[in-house]
Amino acid sequence: MSTNQVPLRDKMLAVMADVNAQVAEREELVELIAIALLTRKNLFLLGAPGQAKSYAINAFRSRITGARQFERLLSKQTDEEQLFGRIDLSSLIPGSVPESVLKGDSVYENLRFTLRCAIDGQQEDSPVTFDLIRKATEKLDIYRSALAALHTGEPTVQTAGKIPEADIVFLDECFKANDGVLNSLLTALNERKYTNEGRTYSIPTISFFAASNEIPNFADPQEKILEALYDRLELKVVTENISDRTKRLSVLRDKQNGHTGQIAASITLDELESMQQEVAAIPVPDSVNELADDILCELRKSGIPVSDRKYLNYYPIAQAKAWLSGHATVESKDLLTLKNYLWQKPGDRPAVETTLNRMCVNPMQDKVNGIRAMAVEAQEEFDAARQDASKPKAGSRALIKLRGEFIRLYGMQQDLANAAQSDSERALTDGLLTDLEQINKQAHEAVNFTHVPLEQMAAMQ
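This one's a predicted model, so the numbers in the text were calculated from it and none came from an experiment. (Residues numbered from 1 in each chain as written. Predicted model: local features only at pLDDT ≥ 70, side-chain atom pairs only at ≥ 80, totals over all residues. Heavy atoms only, no water.)

1. A closer look at helix α16 (residues 363-386)
Spacing of three or four residues puts side chains on the same side of an α-helix, whose turn is 3.6 residues. For α16, spanning 24 residues, the distance from its first C-alpha to its last is 35 Å, which sits close to the expected 34 Å at 1.5 Å a residue. Among the residues making up α16, those that are buried are Pro363, Met364, Asp366, Val368, Ile371, Ala375, Ala378 and Phe382. (Helix = DSSP H or I, 4+ residues; strand = E, 2+ residues; numbered from the N terminus. Expected span 1.5 Å × (residues − 1). Buried < 20%, exposed > 50% of the residue type's maximum accessible area, 1.4 Å probe, protein only.)

The following block contains the structure:
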């Protein structure tokens with residue numbers, strides 16, 4: 001890399017800063033747009049009208065030069081042709097050649113250019129002139145006839161300016177489409193493919209962005225079909241009205257002074273593809289995968305559904321966040337961005353965010369607290385059991401059970417100690433061991449048994 005070349009990450013951050021300068025209180029949305037593009041995922045925007053959802057999307061995608069764009073406001077009247085293109089009627093007529101075939105054929109274009117030169121370049125009404133034109137015409141007709149013979153009976157779709165030729169797609173009011181369009185969109189969003197007249201076409205779209213003022217009632221049988229579309233919009237963000245008065249006035253003044261819409265930073269489509277490669281190369285440590293699994297279990301325990309598919313595809317989002325943050329590997333705090341990935345119902349957002357903050361900001365503290373809580377619970381069960389006068393040798397039986405549990409907890413503490421990566425984390429695991437040993441000692445003394453340290457008990461197993 002030359003000293004004058006700007007790192008790709010800095011270019012993306014510059015674009016994000018430029019877009020944020022055009023809107024107010026949309027930092028989360030702008031970052032998610034970047035993450036969606038960096039991971040080829042889809043993004044859903046939920047918010048009331050007039051909250052600059054479309055503006056932010058359009059401002060960001062206008063800064064990606066060379067990217068083909070498609071935008072459509074959906075309604076019940078929207079048909080598949082408006083989104084994916086229509087059948088080229090010439091492809092159904094015997095002897096005709098589909099326009100898409102002619103457009104992509106360099107030999108045909110060269111012969112057509114030769115004929116044009118023969119016509120435009122001749123000034124005399126002479127046999128030589130017409131002989132040149134005749135020969136050029138014959139060659140063009142022969143080649144066109146050959147193309148017609150090769151492509152007879154192959155219906156083609158005119159996709160110019162439609163989704164099959166778009167790198168970035170924005171669908172406003174996405175839940176207003178009819179069932180036929182929805183079914184086509186499902187395959188496009190999930191598989192990046194579209195089928196027409198028995199032929200399946202690949203779609204180059206990097207990301208689909210969709211916006212709506214509301215989420216359908218999936219319990220309603222008539223709206224149930226929309227749930228599949230909603231599920232394929234992996235990233236989700238909720239927008240609100242601008243809350244800060246100073247920021248509102250700043251946006252207003254910029255609008256009045258004509259300062260909005262100016263582009264100060266941009267990236268090319270090729271640069272975006274290189275960014276995607278850098279993001280995919282960010283390592284994900286086993287400890288982070290284990291933390292993500294812990295989060296999954298915690299959310300499911302809380303009644304928040306997270307599918308295996310969603311869990312198994314979390315890591316590109318964390319990689320993108322790590323890349324944007326300048327991290328060499330994915331760190332626990334990078335999982336905080338999953339607050340826009342793990343919820344389905346808007347009402348679940350606070351619980352998801354709270355769980356992520358608790359488990360990701362200081363994951364070692366959370367794990368230590370979990371083991372300590374299990375130790376206290378075991379101690380309470382021990383105290384209750386040893387005081388049960390109805391059972392003979394209640395104290396010794398309770399201690400045997402407690403020893404088994406504390407050997408297990410000691411093993412967990414040792415795993416944490418071995419995984420500690422800083423002095424502060426080692427201090428947490430050392431403190432946990434001290435607490436476990438203290439409870440263990442008190443339990444032995446309570447039933448008049450000689451105290452056996454946890455390390456020795458574990459070695460005897």
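There is more to say after this.
2. Some remarks on the packing of helix α2 (residues 27-39) against helix α3 (residues 53-61)
Running from N to C, α2 and α3 point in directions that differ by 50°, and their axes come no closer than 10 Å. The pairing of α2 with α3 is recorded here as oblique in orientation. For the crossing formed where α2 meets α3, the hand is right-handed. On the side of α2, the interface is formed by Leu29, Val30, Ile33, Ala34 and Leu37, while α3 contributes Ala56, Ile57 and Phe60. Split by residue class, the contact of α2 with α3 holds eight nonpolar, no polar and no charged. (Axes fitted to C-alpha atoms, helices over the stretch in contact; angles between N-to-C directions. Parallel < 35°, antiparallel > 145°, perpendicular 65-115°, else oblique. Left-handed = near helix turned anticlockwise from the far one by under 90°. Contact = heavy atoms within 4.5 Å. Nonpolar A, V, L, I, M, F, W, Y, C, P; charged D, E, K, R; others polar.)

3. Structural notes on the nonpolar core
One finds Met12, Leu43, Phe60, Leu185, Leu272 and Leu335 to be the most contacted residues of the largest nonpolar core, which totals 92 residues. With nine residues, the single largest contributor to this core is α2. Setting aside anything within four residues of it in sequence, one finds Leu272 in contact with Met12, Leu37, Leu38, Ile64, Ile206 and Ile267. (Core = buried A, V, L, I, M, F, W, Y, C linked by side-chain atoms within 4.5 Å.)

4. A short note on the packing of aromatic side chains
Tallying each qualifying case throughout the model produces seven aromatic pairs. Ring geometry for Phe44 versus Phe175: centroids 5.6 Å apart, planes at 55°, classification tilted. Residue Phe44 is located in strand β1 (residues 43-46), and its partner Phe175 is located in the loop between β6 (168-172) and α8 (179-191); the two are separated by 131 residues in the primary sequence. Taking the relative accessible area as the measure of exposure, Phe44 reaches 0% and is therefore buried. Classification of Phe175 as buried rests on a relative accessible area of 9%. (Phe/Tyr/Trp six-rings, centres within 6.5 Å; stacked < 30°, edge-to-face > 60°.)

5. Some points on the side chain of Lys53
The residue Lys53 is located in helix α3 in this model. Notably, Lys53 is buried but unbridged: the nearest opposite-charge side chain belongs to Asp172, and the N-O separation is 6.1 Å. Once residues within four sequence positions are removed from consideration, Lys53 is found in contact with Leu45, Leu46, Gly47, Ala48, Ala211, Ser212, Asn213 and Thr239. (Lys, Arg positive; Asp, Glu negative; His and termini not counted. Salt bridge = Lys/Arg side-chain N within 4 Å of Asp/Glu carboxyl O.)

6. Looking at the confidence of the model for the chain
For the chain, the average pLDDT comes to 86, and 93% of its residues sit at 70 or higher. Considering each helix and strand of the chain separately, the mean pLDDT is smallest for helix α5 (residues 99-103), with a value of 68, and largest for helix α14 (residues 315-325), with 97. (pLDDT = per-residue confidence, 0-100.)

7. With respect to the pattern of salt bridges
If you walk through the whole model with that rule in mind, you get 18 salt bridges. Here Glu353 and Lys339 are joined by a salt bridge, their closest N and O atoms 3.6 Å apart. Placement of Glu353 in helix α15 (residues 349-360) and of Lys339 in the loop between α14 and α15 is noted, with a sequence separation of 14 residues between them. Look at Lys339 and you get partly exposed, because its relative accessible area is 26%.

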